[in-house]
Each structure stands twice: as structure tokens, then as C-alpha cells.
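So the chains spell out like this:
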Amino acid sequence: MGTPEIAVPCLQFLAESKHEVVGVFTQPDRPKGRGHHTIPTAVKQAAMAYDIPVYQPLSLRKGQDAQDAMEILHKLEPDLIVVMAYGQILPKAVLDLPKYHCINMHASLLPAYRGAAPIQWAIMNGETKTGITAMQMAEGLDTGDMLLKREIPIGSEETASELHDKLAELAAQTLAETLERLEKGTLKGEPQDDAQSSYASRITKEMSELDFSRPAEELHNLIRAITGFTWLDGKRLKIYSSRVVSGVNGEAGTIVDSQQFVVACGDGNGLCLIEIQPEGKKRMLAEAFLCGKKLQKGKLLG
């Protein structure tokens, strides 16, 4: 059970292993992009490449869809359900169905960053490490017993997209080890300490707006995690990459270096905007933008 790209390596590992994948559950196809064309989920596309039956119920918890899904699951008789970024909360009836229960591959070192956006929040909060936790699913949100953890560092300039790809591969490796231990009978669950837990809520567009009264490092981390935006001459300016410049003089939010596009932040440091997208234009390097637009030192953004 999975939906986005991060879950694909786990499915590929299972499909190419000695295990039999009897079915794939993924979210319904939804319109995307400017043309609003209906596009199959990444997991569905991968499953179709392996000729694995795909099921896309709107809900597993209520309505006729949920009843139909339960009938399908009973017919499939899975020994184990592997879940990664499925996007639906599984009811107890599904959790209790397989012989070996349901194992979730979560993209954080639980109990930290339970929830929908663990990769982005880890980067936004300036974490230096993260990983994959294989856990036995319970009825709460990412609250089940931890079965196996594998850790990787987060680079100081690493973006959410780059970390996502590394964690997708790590998830497949961790799943392989988890199933090997499960078969040997050496897999043991460790309860999570709720007192140490944190929640990674869904990302909203509003969170990307840059408040230059904050420290430069915080804004740099936010850009790495979810990209950022500000306002220049009343038009939206999107920022894809940046770097911190130590020790600048200027009011927070003002341009202190018009040649390098450095903006003063609230901690006395600056943020150099490297890759940007002006409203109505293509993504570009800031230096290319500055060739066609003169910026005044002291100009206020936002």
C-alpha cells in the first residue's frame, strides 16, 4: 500500500524478490498540472509494469468503497501488508487481517516526526540526521512498535528532493532486512516513547513565505525544505536555493548587496538568493535576473 514516488523502490524490491506480491493498493488517480489531466500514481505505474493487480478505493474506513476493499483483501489473503506513504489511515480490521500484520516504512527516526511531511520538517528544523523506521502499525498515527531503524546524515545544503531520493532507496534496503529478520524470527518490536515524539504536519503554501526578521539559517533551511517566496515590487518572487552570508549591516528584509542579491535577516546575517523565479517568468539564476534588472541597495522585500 503506497502512493507517491518514495514508495516505488519498496514495491520494486518486493516485486523482484522471492516474495509474491498479490496486490497493490494506492490512492485514486487525480488530475494534476495545468491541463488537469488524470495521472496514475507513481506506485500504480510501477505496479502495472510488473503486472500486479491494482486497487484504488476512495476510503478504507467508510462507505461502499471500504466494504469492497475489505472483500478484496479477504480474497487476497495477504500474509503481510507493507505500507509506505499510502495516504490513508488503516482501520483495525485491515491492521489485524494479515498473519504478520502491517509493517509501515516511515521516513524518519521515530518517534520524531510522525505524520505526513517528515522529510521537510527535519530539514526545516536543521536536523543533521534522519532515516527510515520500519514499524508494526497500530491504530494511532505512526505510533506502533519500532522494528528496525536505519540512519543517514542530512547535508547542510541538501534539499528535500535530494533527501527524498536517498530515503526511498534506504526504505527498500531496510524493508529487505526487516523481512529477512521476520522470517528468521529475530524481529522484535520496541515501543515508542511518546514523550519524545514530534509531529510533522502537512506543508501549506503559506509556510513558504519568508519572514526576514527570522535568522538567516532558519530561512535557508526552509528554502531547502519547501522552497520560499517573498515579494519584489508587488510581485511574487520564488526562491529555490540560497546560502547564508555572515555579518551584514541593514534592516531585516532590505537588500544589502545588489550585485549578489543579499538580503539582511533578523540575526545580523544575510541570505544570498541564488536560484529564483520571478512571477510570470521561468526559473533562473539570480545573477541572470540581475543582468536585466537593477536593484537598489536598501530596497525592502516582502
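Each remark here, short or long, concerns the structure printed above.
These numbers were taken from a predicted model, which means no experiment stands behind them. All residue numbers refer to positions counted from 1 along the written sequence of the respective chain. In keeping with the model being predicted, local features are shown solely for residues with a pLDDT of at least 70 and side-chain atom pairs are shown and tallied solely at 80 or more, while totals for entire chains, interfaces and linings include all residues. Hydrogens and water are ignored here; the side-chain numbers use all heavy atoms of the structure.

Trainee: Break down the sheet that holds strand E6 (residues 102–106) for me, with residues and values.
Mentor: Pairing is mixed in the open sheet, where 4 strands are placed in the order E5-E6-E8-E9. The open sheet terminates on both sides in strands that have one partner only, identified here as strand E5 (81–83) and strand E9 (146–153). Here the strands of the sheet are splayed against their neighbours by 15° on average, with no regard to which way each runs. In the sheet, E5 pairs with E6 via 3 bridges, with the strands oriented parallel. The residue of E6 that forms the bridge with Val82 is Ile103. Here, strands pair whenever DSSP counts at least two bridges between them. Only DSSP runs of H or I covering at least 4 residues are called helices, and only runs of E covering at least 2 are called strands; the numbering of each starts at the N terminus. Note on method: axes are straight lines fitted to C-alpha atoms, helices fitted across the in-contact stretch only, with angles between N-to-C directions ranging 0 to 180 degrees.

Trainee: So, the environment of Leu90: which residues are in play, and what are the values?
Mentor: Relative to the assigned elements, Leu90 resides in the loop between E5 and helix H4 (92–95). A residue is classified by how much of its surface remains accessible, and Leu90, at 3% relative accessible area, is buried. Put simply, Leu90 and His19 are 71 residues apart on the chain and 23 Å apart in space, counted from C-alpha to C-alpha. With residues near it in sequence (within four places) discarded, Leu90 still touches Met1, Leu60, Arg61, Val83, Leu95, Cys102 and Met137. To sort residues, take the accessible area from a 1.4 Å probe on protein chains only and compare it with the maximum for the residue type: under 20% means buried, over 50% means exposed, and anything in between is partly exposed. By definition in these notes, contact holds between two residues if any of their heavy atoms fall within 4.5 Å.

Trainee: Tell me about the pairing of strand E12 (residues 235–245), and name the residues and values.
Mentor: The pairing of strand E11 (residues 228–232) with E12 spans 5 bridges and is classified as antiparallel. Pairing of Phe229 across the sheet is with Lys238, part of E12. Following E11, the chain reverses through 2 residues before pairing antiparallel with E12; Asp233 in that reversal takes a positive phi of roughly 55°. Note that E12 and strand E15 (residues 270–278) share 8 bridges and pair antiparallel. Each bridged residue has a counterpart across the sheet, and for Ile239 the counterpart in E15 is Ile276.

Trainee: Lay out the packing of aromatic side chains in plain terms, naming residues and giving numbers.
Mentor: Between rings of Phe, Tyr and Trp, where Trp is taken as its six-membered ring, a pair exists when centres lie within 6.5 Å; planes separated by under 30 degrees are stacked, by over 60 edge-to-face, and by other angles tilted. The full count for this structure, using the stated rule, is 3 aromatic pairs. Seen in terms of ring centroids, Phe261 and Phe289 are 6.3 Å apart; in terms of plane orientation they differ by 15°. Their pairing is stacked. Remark: Phe289 occurs in helix H8 (residues 286–292) and Phe261 occurs in the loop between strand E13 (255–257) and strand E14 (262–264); sequence separation between them is 28 residues. Both residues of the pair, Phe261 and Phe289, count as buried. Charge over a ring is defined by NZ of Lys or CZ of Arg lying within 6 Å of the ring centre and within 35 degrees of the ring normal. The lysine or arginine in question, Arg236, covers the ring of Phe229, its NZ or CZ lying 3.7 Å from the ring centre. For the cation-ring pair, Arg283 lies above Tyr240, with the distance from its terminal atom to the ring centre recorded as 3.7 Å.

Trainee: Describe in detail helix H1 (residues 8–15), supporting the description with residues and values.
Mentor: Burial in H1 covers these residues: Val8, Pro9, Cys10, Leu11 and Leu14. Close packing links the buried residues of H1 with strand E1 (24–25), helix H2 (42–49), E5, E6 and helix H6 (160–184).

Trainee: Describe the environment of Ala116, with residues and values.
Mentor: Tracing the chain through its elements places Ala116 in the loop between strand E7 (114–115) and helix H5 (118–124). Distance in space between the C-alpha atoms of Ala116 and Ser201 is 5.8 Å, their sequence separation being 85 residues. Excluding residues that lie within four positions of it along the chain, Ala116 makes contacts with Ala200 and Arg202.

Trainee: Explain H2 to me, and be specific about the residues and the numbers.
Mentor: Among all positions in H2, only Ala42, Val43, Lys44, Ala46 and Ala47 are buried. In this fold, the buried residues of H2 make contact with H1, E1 and strand E4 (54–55). Asp51 sits one or two residues past H2 and shows a positive phi near 55°.

Trainee: Give me the lowdown on unusual backbone geometry, citing residues and values where you can.
Mentor: In this structure, the amide linkage connecting Leu110 to the following residue, Pro111, adopts the cis form with an omega of 10°. Mapping Pro111 onto the fold places it in the loop between E6 and E7. Even without being glycine, Glu77 reaches a positive phi, approximately 50°. Secondary-structure assignment places Glu77 in the loop between helix H3 (63–76) and E5. For Phe261, which is not glycine, the phi torsion reads 55° and is therefore positive.

Trainee: Which residues make up the nonpolar core, and what values do they have?
Mentor: Core analysis: the largest hydrophobic core is formed by 61 residues, its most contacted members being Met105, Leu167 and Phe261. Apart from the residues within four sequence positions on either side, Phe261 is in contact with Leu237, Ile255, Leu271, Cys272, Leu273, Ile276, Ala286, Phe289, Leu290, Leu295 and Leu301. Met1, Phe25, Met70 and Ile81 belong to the second largest nonpolar core, which has 14 residues in total. What makes a nonpolar core is a set of buried Ala, Val, Leu, Ile, Met, Phe, Trp, Tyr and Cys residues whose side-chain atoms join them at distances within 4.5 Å.

Trainee: Let's hear about the environment of Thr178: which residues, and what values?
Mentor: Its place among the elements puts Thr178 in helix H6. Not counting residues within four places of it along the chain, the set of residues in contact with Thr178 comprises Ile103, Ala134, Leu148 and Leu187.

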